[in-house]
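# Structural description and commentary
Here is what each chain is made of, one letter per residue.
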Amino acid sequence: MPLPLLPTSVIGSHAIPSWVHLARKAAANDEIGGDDMREVEDDAVDTAIRDQTDAGVDLITDGEMRRVGFFTAGFYDYMTGIEPVTAARKTGVGGHDQREKYVAVGALDAPNGLGLLNEYNYLRQRTDKPIKMPIPGPYTLSGRIEPGAIYKDRFDVAYGLAEIVNRELKTLVAAGVNFIQMDEPSYAVHSSTPRAFVDLFNRAVEGVDAKISMHLCFGNYLGRPVAKRTYRPLLPHIFDMKLHQYAMEFANRELAEIEILREFPPDKEIAVGLVDVKNYWCETPADVAERLRRVLEIVPAERVTVTPDCGFSQTARWAARRKLTAMVEGTRIVRHELTGND
């Protein structure tokens, strides 16, 4: 199914329905079984598909409904060579030091993959719309794993994970996936070693025959950024990454740094974040259209996809639905201005 000019998409996660939170609590208390939880997750994916379809999103995901966080609980359960570490802080205002941690006790591996093939197979059965598969990148995944006595440092851990991610991507492509988005917010969070990020990214996607996008943001845990919000230190290094599209957040910063898009290679696409998932003020279609017109002063429409800044997993569902609808309707306004079509 061909995409229109200025296609709309999501970054990955959709807002989690309240009943999914209840089911996860019940599962933690051993009140429901594995088959129960799979049924809950199937229904949650169906809900995410429906919300995106109702809004008119052109390119969808499964909402990452089988994940608890876009890269946290779930992925590590598939891995061998790690053991959990007790968090040093468990109460009070939420912060990254309360999140799950592991230590490497052996060579990292995921003998049965990371679970994305099951995500894709279910999604493909449930929709005829174009889809993309988001996957956390190796450097972001490495942030929860201490090197222990096995690895030298975080980059060494990340290279071990790059082999796992690379195998997972090739498995997805063999199953029919043609659009993959690598999520690496940690690149912008730890921007002092951009050249090293390029080499790591290229290793993770080596030999992967699909359209590759890379999502760069400044963090969204509990709806909060976790970095100095500038892409400048990553340029021009990231231009050497083997990819087709950069997915970047701009709405939360009121289009700050939008001018740097002039420096991006003319053969690369930009998925530009024009809806702020960290703000409960809900944009109108006119707001989105205004932002998009500003983008098109810099980047030709043929290279632009419109997205939210980040995933919606930290956003209430009512707000996510309103923001998706505004994003699509605002994009249609500008598309009609350019082509006469919606």
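Use the structure listed above.
Description of the structure in this document.

The rules behind each value
Residues numbered from 1 in each chain as written. Predicted model: local features only at pLDDT ≥ 70, side-chain atom pairs only at ≥ 80, totals over all residues. Heavy atoms only, no water. Helix = DSSP H or I, 4+ residues; strand = E, 2+ residues; numbered from the N terminus. Rg over C-alpha atoms; globule rule 2.2 N^0.38 Å. Contact = heavy atoms within 4.5 Å. Areas by Shrake-Rupley, 256 points an atom, 1.4 Å probe, with all protein chains shown as cover. Phe/Tyr/Trp six-rings, centres within 6.5 Å; stacked < 30°, edge-to-face > 60°. Lys NZ or Arg CZ within 6 Å of the ring centre and 35° of its normal. Salt bridge = Lys/Arg side-chain N within 4 Å of Asp/Glu carboxyl O. Buried < 20%, exposed > 50% of the residue type's maximum accessible area, 1.4 Å probe, protein only. Disulfide = S-S within 2.5 Å. Expected span 1.5 Å × (residues − 1). Pairing = 2+ DSSP bridges. Axes fitted to C-alpha atoms, helices over the stretch in contact; angles between N-to-C directions.

## Some details on the overall build of the protein
Helix and strand counts for the protein come out as nine helices and nine strands. Its C-alpha atoms give the protein a radius of gyration of 19 Å, near enough to 20 Å, the size a compact globule of 342 residues would have. Principal-axis analysis of the C-alpha atoms gives the protein an extent of 60 × 45 × 45 Å. Across the protein, every contact between residues at least 6 apart in sequence was considered, and the portion connecting residues at least 24 apart equals 77%. As displayed, the protein offers around 14400 Å² of accessible surface, 50% of which is attributable to carbon and sulfur atoms.

## A few points about the packing of aromatic side chains
According to the stated counting rule, one finds 12 aromatic pairs in the structure shown. Here the aromatic rings of F239 and Y246 are separated by 6.4 Å at their centres, their planes lie at 75°, and the arrangement is edge-to-face. One aromatic cluster is present, built from ring pairs that chain together Y139, F155, Y187 and F197. Its end group placed over the ring of F179, K132 keeps NZ or CZ at 5.8 Å from the ring centre. Sitting above the plane of the Y139 ring, R154 keeps its charged end 3.8 Å from the centroid.

## Considering the pattern of salt bridges
Taken as a whole and assessed by the stated rule, the structure comprises 24 salt bridges. A salt bridge links K211 to E269; the shortest N-O distance between them is 2.9 Å. Highlighted residues: K211 in strand β6 (residues 211-216) and E269 in strand β8 (residues 269-275), separated in sequence by 58 residues. Since its relative accessible area comes to 25%, K211 is described here as partly exposed. Between R294 and E259 there is a salt bridge; the shortest N-O distance is 2.4 Å. With R294 in helix α8 (residues 285-296) and E259 in the loop between β7 (245-249) and β8, the pair connects residues that are 35 residues apart, well separated along the chain.

## Digging into the state of the cysteines
Counted under the stated rule, the structure contains zero disulfides. There is no disulfide at C282, and the cysteine sulfur nearest it, in C310, is 16 Å away. According to the relative accessible area criterion, C282 is buried, its value standing at 11%. Not part of a disulfide, C310 finds its nearest cysteine sulfur in C217, a span of 3.7 Å. In this structure C310 comes out as buried when scored by relative accessible area, which is 3%.

## Examining unusual backbone geometry
In the segment running from L235 into P236, the intervening peptide bond is cis, with an omega of 0°. For P236, the position within the fold is in the loop between β6 and β7. Unlike most non-glycine residues, E64 shows phi in positive territory, near 55°. Its place among the elements puts E64 in the loop between α2 (34-55) and β1 (80-85). Residue classification places E64 among the buried positions, given a relative accessible area of 5%. Of note in the backbone geometry, E254 takes a positive phi value of approximately 55° without being a glycine. On the secondary structure map, E254 appears in the loop between β7 and β8.

## Concerning helix α9 (residues 317-339)
Taking 1.5 Å per residue, 23 residues should reach 33 Å; α9 reaches 32 Å between its end C-alpha atoms and fits that length. When we look at burial in α9, the residues that qualify are A319, A320, K323, L324, A326, M327, V328, G330, T331, V334 and R335. In this structure, the buried residues of α9 make contact with α2, β8, α8 and β9 (304-308). Once α9 ends, the next one or two residues include G340, with phi positive near 85°.

## Some details on the sheet that holds strand β3 (residues 133-136)
With respect to topology, six strands assemble into an open sheet ordered β3-β5-β6-β7-β8-β9, the strand pairing being parallel. Each edge of the sheet is formed by a strand with only one pairing partner; in this case those strands are β3 and β9. For this sheet, the mean inter-axis angle between neighbouring strands, taken without regard to orientation, is 25°. As paired elements, β3 and strand β5 (residues 179-183) share four bridges and run parallel to each other. Across the sheet, the residue bridging to I135 is M182, located in β5. Strand contacts of α8: β8 and β9, with the helix running at about 150° to β8, the strand carrying the most contacts.

Treat this as a map of the structure, not an account of what it does.
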